[in-house]
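Coordinates in review
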Amino acid sequence: MSNHYTFQTHLLHNQHKLDPTTGAVSVPVQHASTFHQSDIDSFGRYDYARSGNPTREALEDIIAELEEGTRGFAFSSGMAAISTAFMLLSQNDHVVITEDVYGGTFRMVSQVLVRFGISHTFVDMTDLEAVKKAIRPNTKLFYVETPSNPTLKVTDIKAISELAKEHDALVFVDNTFLTPAHQKPLALGADIVLHSATKFLSGHSDVVAGLAVVKDPELAQKLYFLQNSFGAVLGPQDSWLVMRGLKTLHVRLEQSVKSAMKLANFFQDHPLINQVYYPGLENHPQFDIQQRQAESGGAVLSFDLLNEDIMRTFVKNVKIPVFAVSLGAVESILSYPAKMSHAAMPEEERVQRGITNSLLRLSVGLENPDDLIKDFSDALDEAKRSNLIYDRG
Ligand SMILES: *Cc1c(COP(=O)(O)O)cnc(C)c1O
């Protein structure tokens, strides 16, 4: 109906732009758990809200359109979406998965799926030869997350998808960091796109939600069966919150990406910063792939300070960002991966992956970037001052 629109317009003018019964410009929140059936032999469109709820369905339709898939599914969290999608696998199947995958996914694969006889190999997905070596006769799934967290490594979605097709395996892509506004994995050959809608899609740090979009209608039917069987569906109020957030996705991301680029340059030029990880920078090792498959480097970057003392003074003195877990919000969020997202990883393995004790991750929000730069600059100055005193003392 509206496929000729650009993404920006599509966010507002999609099939749920108006409520057909009232003309309301916001999708009604339907709380009913059950629906009256007027015929004993043939039920209406809705019977029970786990199996189908019109508010949730509106969100599912919208995300399917935006990701250019055939069908969308809304879950009670990103992990519920990811875990339900994993249930497409069976005993004795094998997963090739990116080694710097989201912590919750790492836990699901390494501590839960193994109990059901589903094995895995963690690989550096930026290294296609390593990926090829990890393939086994029973490999049924390639699991990609790009850019990855927190060192923002970029995986070539198209190359992995081609490899997967050769082996009759599926490709799942966690698209949380870029969203369909800036990256469309299904168009690049993936089979299922997964989201923590808790992050950029809803964007306001006020809802926990997950989404999945499937390209092939037959596979979509299988995922629907699992969504209904496992039952980790998203509630109507939360579905509405995600739809409300989605309307401003384009402008939010555009602004945050612009600021992230400015900040990446600022950090890169600062003497107290060892290294900046941001796929929007030309010196990023996979800059060309990112340029090819995505619209931008995204709104998340990481930076490694000279040492842990400097990092600690910096965090103590910085005023604007919230210091917290999570990302993709209107407010900037500063995280400490070593103690937050990657606390469960053994230190040696963590440091080997670049997640040092002086690495910080920043999800750039909607503050004026000049205010952020001033705040960071002042905090770094303070870190320098107190560290000099510390050295002398
Ligand atoms: C947060 C996150 C998840 C998990 O989503 P929840 O909504 O917290 O369950 C999965 N993948 C990525 C990349 C994330 O950032």
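Residues numbered from 1 in each chain as written. Predicted model: local features only at pLDDT ≥ 70, side-chain atom pairs only at ≥ 80, totals over all residues. Heavy atoms only, no water.

Some thoughts on the site of the ligand
Surveying the vicinity of the ligand reveals 14 residues, the closest of which are Met 79, Asp 174, Ser 196, Thr 198 and Lys 199. One of the side-chain nitrogen or oxygen atoms of Ser 196 is found 2.8 Å away from an oxygen atom of the ligand. Within the side chain of Thr 198, one N or O atom sits 2.7 Å away from an oxygen atom of the ligand. Relative to its free-state accessible area of 380 Å², the ligand is covered by the protein chains to the extent of 92%. In terms of residue count, helix α3 (residues 78–86) provides more of the shell around the ligand than any other element does, 3 residues in total. Classifying every residue of the shell around the ligand by side-chain character gives 6 nonpolar, 5 polar and 3 charged. (Near = heavy atom within 4 Å. Polar contact = N/O pair within 3.5 Å; in protein donor to acceptor, adjacent residues only side chain to side chain. Areas by Shrake-Rupley, 256 points an atom, 1.4 Å probe, with all protein chains shown as cover. Helix = DSSP H or I, 4+ residues; strand = E, 2+ residues; numbered from the N terminus. Nonpolar A, V, L, I, M, F, W, Y, C, P; charged D, E, K, R; others polar.)

Examining helix α9 (residues 236–246)
The buried fraction of α9 is high, at 8 of 11 residues. Where α9 is concerned, the buried positions are Pro 236, Ser 239, Trp 240, Leu 241, Val 242, Met 243, Gly 245 and Leu 246. Residues of α9 that are buried make contact with α2 (54–66) and α10 (249–269). (Buried < 20%, exposed > 50% of the residue type's maximum accessible area, 1.4 Å probe, protein only. Contact = heavy atoms within 4.5 Å.)

Topic: the sheet that holds strand β7 (residues 210–214)
Strand pairing within a sheet occurs via backbone hydrogen bonds; the two strands may be parallel or antiparallel. If you walk across this open sheet you meet the 7 strands as β1-β7-β6-β5-β4-β2-β3, and the pairing is mixed. The sheet is open, and its two borders are formed by β1 (71–75) and β3 (119–123), each paired with just one other strand. The mean inter-strand angle of the sheet, taken between neighbouring strand axes irrespective of direction, is 20 degrees. When strand β2 (residues 94–98) meets strand β4 (residues 139–145), the two strands line up parallel, connected through 4 bridges. Looking across to β4, one finds that His 94 is bridged to Thr 139. (Pairing = 2+ DSSP bridges. Axes fitted to C-alpha atoms, helices over the stretch in contact; angles between N-to-C directions.)

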